[in-house]
Amino acid sequence: MEQATLSFKARAERALADPTLKIAIDRTTGTAERKRALAMSQFPQFEAARDRARRIKDHVIANLEHYLLEFERNAIASGAKVYWAATAEEASQIVVRLCKEAGAKRVTRVKSMLGEEIGLPHALDEAGIDRVETDLAEHIVQLGGDRPSHIVWPSMHRTREQVSEMFKRRHRAPHQEETIEAMVDSARRELRDKFLSADVAISGANFLIADSGATCTVTNEGNAELTTTPPRVHIVTAGIEKLVPSMGHAIAMLRVLVRSATGADVTQYTTFHCGPKQAGDRDGPEEFHIVLVDNGRTRMLREGMREMLRCIRCGACMNHCVVFRQLGGHVYGGTYPGPMGAVLTPVFDGLEKSRDLPHACTMNGKCQEVCPVAIPLPTLLRGWRDRSWREGLEPGVVRFGLGVHTFFALRPRLYRLATAMAIRVMRLFSRGGVVRGMPGLGAWTAHREFPAPARRSFMEMYKDQEGGR
Amino acid sequence: MSNDRSVSSPPSSPRVALFVTCLVDAMRPSVGFAALKLLRAAGCRVEVPDAQTCCGQPAFNSGDTADAARLARHFIETFEGYDYVVAPSGSCVGMTRAHYPEALADDPAWAERARRLGERTYELTSFLVDVMRFAPADVKLDGSFTYHDSCSGLRELGVHDQPRALLGKVSGLTLKPLEGNDVCCGFGGTFCVKYPAISNAVVGEKAEAIERSGAQLLLGGDLGCLMNMAGKLKRKGSAVRAYHAAEVLAGMADGPAIGEEG
Amino acid sequence: MSARDSILDAVRTGLGHVRTDPAAARREAAALLQDLDAIRPALLAEDLVEAFVARLVTPKVAATAERIADAAGLPAAVARYLEARGLPAVVALQPAAVLQALDWSGFERHDRVAPDETIAVGAARWGIAETGSLVFHSDAETPILANFLPLHHLVMVRADAILAYLDDYAAATAGQRPPRNVNIITGASGTTDIEGSLVLGAHGPRYLHVVIVGRHPGEAA
Ligand code: SF4
């Protein structure tokens, strides 16, 4: 938590100095990358499927009001209650209020990034409600008292050794054997009675199905169904961009979502939840509440970030990001890390607080290449840079340096002179083919050699050569 | 990319403007001369417009769109009059092709000029292969090389097969594949000086992969990335030597490698 | 203004006040589901049952499967499964008529699944060849928890209820009132939350065994 008070660069340096973190990141993202690559090799239809997925999301966003109203109508008809929240605070207040109205002492939660985004874990804790995270990774995060570091593998920053130690300390009947299997078993034993004794279940939604009013969750562990079936009340929180026209569209999205996230063809458990328990049902909640959350999404529509609303939270962009793979997720300081987080966090926290995120990117484009809905993440990041520049948030030295560069670059004759001089200065500091100890080059030369320039510029030599012909 | 011209024959002695790029101009002129030699060998009438400076990438990527637009206009005015524009860099060509229209979006007439020029602007190896159907003859270099695909060339321009096809014609030279050949080297233009610690961690992993390849030479098509990787390799005390692919293809890899005493 | 009105208003503003024509939206949405073969994988075999089984036993799904000619043979199949694993013949039987009607003599059975149930036997409404999935609807015969509490989940599905693609399931049920829950289950419960390595039996079943009953109408006799 003290992380939050450090600057981005300080957080980054601390992460870079942590060898255990790097091992943990490599193990999870490396596996994810390999599995995705294998899944792609078995799915030659991916490019077409991805294009379709992109168009489905674009269609929904272009007709968002229509689909929101259709969803609301159908959800109410199914017996659900629908709430709207413009901000994160409103959303978590609605959920806490519903929990209190239900007299909830214990709530079970299914991992939902939106829940994190609206600060729900914190709000529930503040309200004195016993919050049980049921996703294994979120359980590990809860035991560790920290925050998710990845949107698909929230506890990716923990090595097996660290998890083992935590489980031994906190579980009632911890594992004896040092295997991941035994640890998973320990969590299974620990959480089983909690599932069954909760008063309220809270989940997110991967999709909202407009033509039925159903919400869809996908998990591999089966914790969503174990969470949402026994309690008397089930509350869903979902961003307004989660809509799809029908189940068929959700299926088309699922095919690219799951392959991009874990490399599987489909999640082990894909469940559509439609309203509360029906007459004759053997189990299920009596009350079903859906909270539709804006929290910056309509602002993204207005401010040229419509394409980001396609995001289906698969995590592929971060698994393939060279920066994320060095830093892990906590350094990003927001709910969402990696490339998509660098686009989203300034929306939630303001650009001034998070201007480093869009800048700490090499613009290599890999994230866009793997994104299952083809979001132009580098372009969106550059959009933030553009705004940061216009709003005067960029440091003076950078503005000055670029200003000087542009001044010369627009004046070829002066530019030639400046280049010739720069070369000569650099050569003054050159030894053995590299530049050493030259003021202004420290950021580069602290870590690697700076190859020395040749004696004269291309243009100088070219003129001589051609002139002499 | 490489297939769309498979039916048409190469243009005969087109008038080609060589954009050497600001980095090659200042740091490694031999890459520019290599490009010149290759283009001439491919039958082009090559000119090096005197007014050329920088494509504006640093400004654009720093968010300074207004200055980037100014430099874009300067570039367009300088190069518009030629049949083709060629540069020994994927990222500079990516800038002109993919990003000039963005930088000039507020000015439709200029954006249109940018688009039209972009269509005729090529990265060197893709121009040689895709447009000129050129293959180097009688180039010999004994040794093994590994190839890093710089990100802009790869993802914005589809440059991947072309340099390999050309290098495959150099007798005595064998390719040793690079694990993660399409993974960014951590250069990122201004990124590497704005976030040096992160950049270092990324290029550190890249240097390890290069060494694992077992190749004697590291080749690539973008000088910025090459300076970053060569600088890291050198700091590590590695024996791998780095050249721009054009230098090898032009038979000019007998001089000092990047970061070697010249 | 209520939150609802202000959000809808912001949506309208964000989209530049272009109104949706519902009929056009429907047409466009339908067009997005045309030519499905271009955006979904080929089946692993031409025959649906074969494709379904092949998918079920891939390492990714990691289920086991067998075929029997007739539902009457299910208790014997279950008995074989239990015997092979040295498990007691104590099963939670889903309260579905098709299962309850069978002869379970020799088994100790109950219909409520216990929190630490070892073995449950259920019946799925559909199988999906594309993914090796089983589809359940919550209803009077189908408690949802029965699919998630046991360690071993043995599921019967009729061969003639095997559909080619997930889309075929969506089409088969379009326009009907949805049940509270549609569970599409693909393999046993798994987690990759610790260092990305796959472990089965996270919260739900560790073992999934599928028994396919009868023949698909398209199958050669
Ligand atoms: S931006 Fe794309 S790749 Fe990243 S999480 Fe969202 S959908 Fe996945």
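Conventions used here
- Residues numbered from 1 in each chain as written.
- Chains lettered and ligands numbered in written order.
- Predicted model: local features only at pLDDT ≥ 70, side-chain atom pairs only at ≥ 80, totals over all residues.
- Heavy atoms only, no water.
- Helix = DSSP H or I, 4+ residues; strand = E, 2+ residues; numbered from the N terminus.
- Rg over C-alpha atoms; globule rule 2.2 N^0.38 Å.
- Buried < 20%, exposed > 50% of the residue type's maximum accessible area, 1.4 Å probe, protein only.
- Contact = heavy atoms within 4.5 Å.
- Areas by Shrake-Rupley, 256 points an atom, 1.4 Å probe, with all protein chains shown as cover.
- Lys, Arg positive; Asp, Glu negative; His and termini not counted.
- Charge placed at Lys NZ, Arg CZ, Asp CG, Glu CD.
- Expected span 1.5 Å × (residues − 1).
- Pairing = 2+ DSSP bridges.
- Domains from an automatic or database assignment.
- Salt bridge = Lys/Arg side-chain N within 4 Å of Asp/Glu carboxyl O.
- Buried area = accessible area lost by both parts, 1.4 Å probe.
- Polar contact = N/O pair within 3.5 Å; in protein donor to acceptor, adjacent residues only side chain to side chain.
- Nonpolar A, V, L, I, M, F, W, Y, C, P; charged D, E, K, R; others polar.
- Near = heavy atom within 4 Å.
- Phe/Tyr/Trp six-rings, centres within 6.5 Å; stacked < 30°, edge-to-face > 60°.
- Lys NZ or Arg CZ within 6 Å of the ring centre and 35° of its normal.

Novice: Can you tell me about the overall build of chain B, naming the residues and giving the values?
Specialist: Along chain B, the regular secondary structure elements total 13 helices and eight strands. A globule of 262 residues ought to have a C-alpha radius of gyration of about 18 Å, and chain B, at 18 Å, matches this closely. If you line up chain B on its principal axes, its C-alpha atoms span 50 × 45 × 35 Å. Taking all 262 residues of chain B together, the buried fraction comes to 63%. Across chain B, the fraction of contacts at a sequence separation of at least 24, relative to all contacts at a separation of at least 6, is 79%. Accessible surface computed for chain B: about 9,000 Å², of which carbon and sulfur atoms make up 51%. Here chain B contributes 27 positive and 31 negative side-chain charges, whose respective centroids are spaced 3 Å apart.

Novice: Describe the overall build of chain A, listing the residues and the values that go with them.
Specialist: Secondary structure assignment for chain A yields 24 helices and 13 strands. Each principal axis of the C-alpha distribution contributes one length, and for chain A these read about 95 × 55 × 45 Å. Within chain A, the fraction of its 469 residues that count as buried is 64%. Sequence-distant contacts, at least 24 apart, represent 71% of the contacts inside chain A between residues at least 6 apart. Of the roughly 16,700 Å² that chain A leaves accessible, carbon and sulfur atoms contribute 52%. Here chain A carries 66 positive and 55 negative side-chain charges, and the mean point of each set is 7 Å from the other.

Novice: Can you break down helix H16 (residues 338-349) of chain A residue by residue, with the values?
Specialist: Given 3.6 residues to a turn, an α-helix orients residues that are three or four positions apart in the same direction. Residue and element names in this part refer to chain A. When the terminal C-alpha atoms of H16 are compared, their 16 Å separation across 12 residues agrees well with the 16 Å that a helix rising 1.5 Å per residue should span. Most of H16 sits inside the fold, with 10 of its 12 residues counted as buried. Listed as buried for H16 are Gly 338, Pro 339, Met 340, Gly 341, Ala 342, Val 343, Leu 344, Thr 345, Pro 346 and Val 347.

Novice: I'd like a rundown of the sheet that holds strand S12 (residues 434-435) of chain A, residues and numbers included.
Specialist: Residues and elements named next belong to chain A. An order of S11-S12-S13 is seen for the three strands of this open sheet, with the pairing classed as antiparallel. Edge positions in the sheet fall to strand S11 (430-431) and strand S13 (450-451), since each of these pairs with one other strand and no more. One ladder, built from two bridges, connects S12 with S13; its direction is antiparallel. Across the sheet, the residue bridging to Val 435 is Phe 450, located in S13.

Novice: How would you summarise the domain arrangement of chain A if you had to cite specific residues and measurements?
Specialist: A common measure of how large an interface is: the accessible area buried when the components associate. Its domain assignment divides chain A into domain 1 (39-298) and domain 2 (396-466). Look at where the C-alpha atoms of domain 1 of chain A and domain 2 of chain A centre, and you get two points 54 Å apart.

Novice: Lay out the pattern of salt bridges with the relevant residues and their values.
Specialist: What the rule picks out here adds up to 70 salt bridges over all chains. In this structure, Asp 464 of chain A and Arg 456 of chain A form a salt bridge, with 2.5 Å as the shortest nitrogen-oxygen distance. On the basis of relative accessible area, Arg 456 of chain A is assigned to the partly exposed category, the value being 29%. Salt-bridge contacts for Arg 125 of chain C lead to Asp 139 of chain C; the nearest nitrogen and oxygen are separated by 2.7 Å.

Novice: Describe the side chain of Thr 445 of chain A, listing the residues and the values that go with them.
Specialist: With respect to the element layout, Thr 445 of chain A can be found in helix H23 (residues 442-445). The exposure class of Thr 445 of chain A is buried, given its relative accessible area of 18%. Not counting residues up to four positions away in its chain, the partners in contact with Thr 445 of chain A are Val 435 and Phe 450 of chain A together with Arg 235 of chain B.

Novice: Help me get a handle on the interface of chain C and chain A, residues and values and all.
Specialist: The interface is formed by 79 residues belonging to chain C together with 100 residues belonging to chain A. Between chain C and chain A the total buried area reaches about 7,300 Å² when both faces are included, carbon and sulfur atoms providing 58% of it. Among the residues chain C hides against chain A, the three largest losses belong to Arg 180, Glu 195 and His 203 of chain C. Together they make up 14% of the total. Taking the shortest distance from any N to any O, the salt bridge between Asp 167 of chain C and Arg 255 of chain A comes out at 2.6 Å. At the surface where chain C touches chain A, the tally comes to 46 residue pairs in polar contact (both at pLDDT 80 or more). In the side of chain C that touches chain A, the residues fall into 40 nonpolar, 22 polar and 17 charged. For strand S9 (residues 269-273) of chain A and strand S9 (residues 181-185) of chain C, the ladder comprises five bridges, and the chain directions are antiparallel.

Novice: If you had to explain the site of the ligand to someone new, which residues and values would you point to?
Specialist: Among the 13 residues in the neighbourhood of the ligand, the closest are listed as Cys 311, Cys 314, Gly 315, Cys 317 and Cys 371 of chain A. Here the shell around the ligand is built from residues that sort into 11 nonpolar, one polar and one charged.

Novice: I'd like to hear about the packing of aromatic side chains, residue by residue, with values.
Specialist: Where two aromatic rings form a pair, the distance of their centres and the angle of their planes describe that pair. Using the criterion set out here, one finds 19 aromatic pairs over all chains in the structure. Members of the aromatic cluster, each reached through a chain of ring pairs, are Phe 19, Phe 75, Phe 79 and Tyr 100 of chain B. One residue, Arg 411 of chain A, lies across the ring of Phe 407 of chain A, its end atom 3.9 Å from the ring centre. A cation over a ring is seen here: Arg 40 of chain C above Tyr 165 of chain C, with NZ or CZ 3.7 Å from the ring centre.

Novice: Mind laying out the interface of chain A and chain B, listing which residues take part and the relevant values?
Specialist: Counting from both sides, the interface comprises 64 residues of chain A and, opposite them, 65 residues of chain B. When chain A packs against chain B, the two sides together hide about 5,500 Å² of surface, and 62% of this comes from carbon and sulfur. Inspection of the chain A/chain B interface yields six salt bridges. As a salt-bridge pair, Lys 463 of chain A and Asp 50 of chain B come within 3.4 Å of each other at their nearest N and O atoms. On inspection of chain A and its partner chain B, the count reaches 32 residue pairs in polar contact (both at pLDDT 80 or more). Per element, the largest residue contribution to the side of chain A that touches chain B is seven residues, and it comes from helix H24 (residues 458-467) of chain A.

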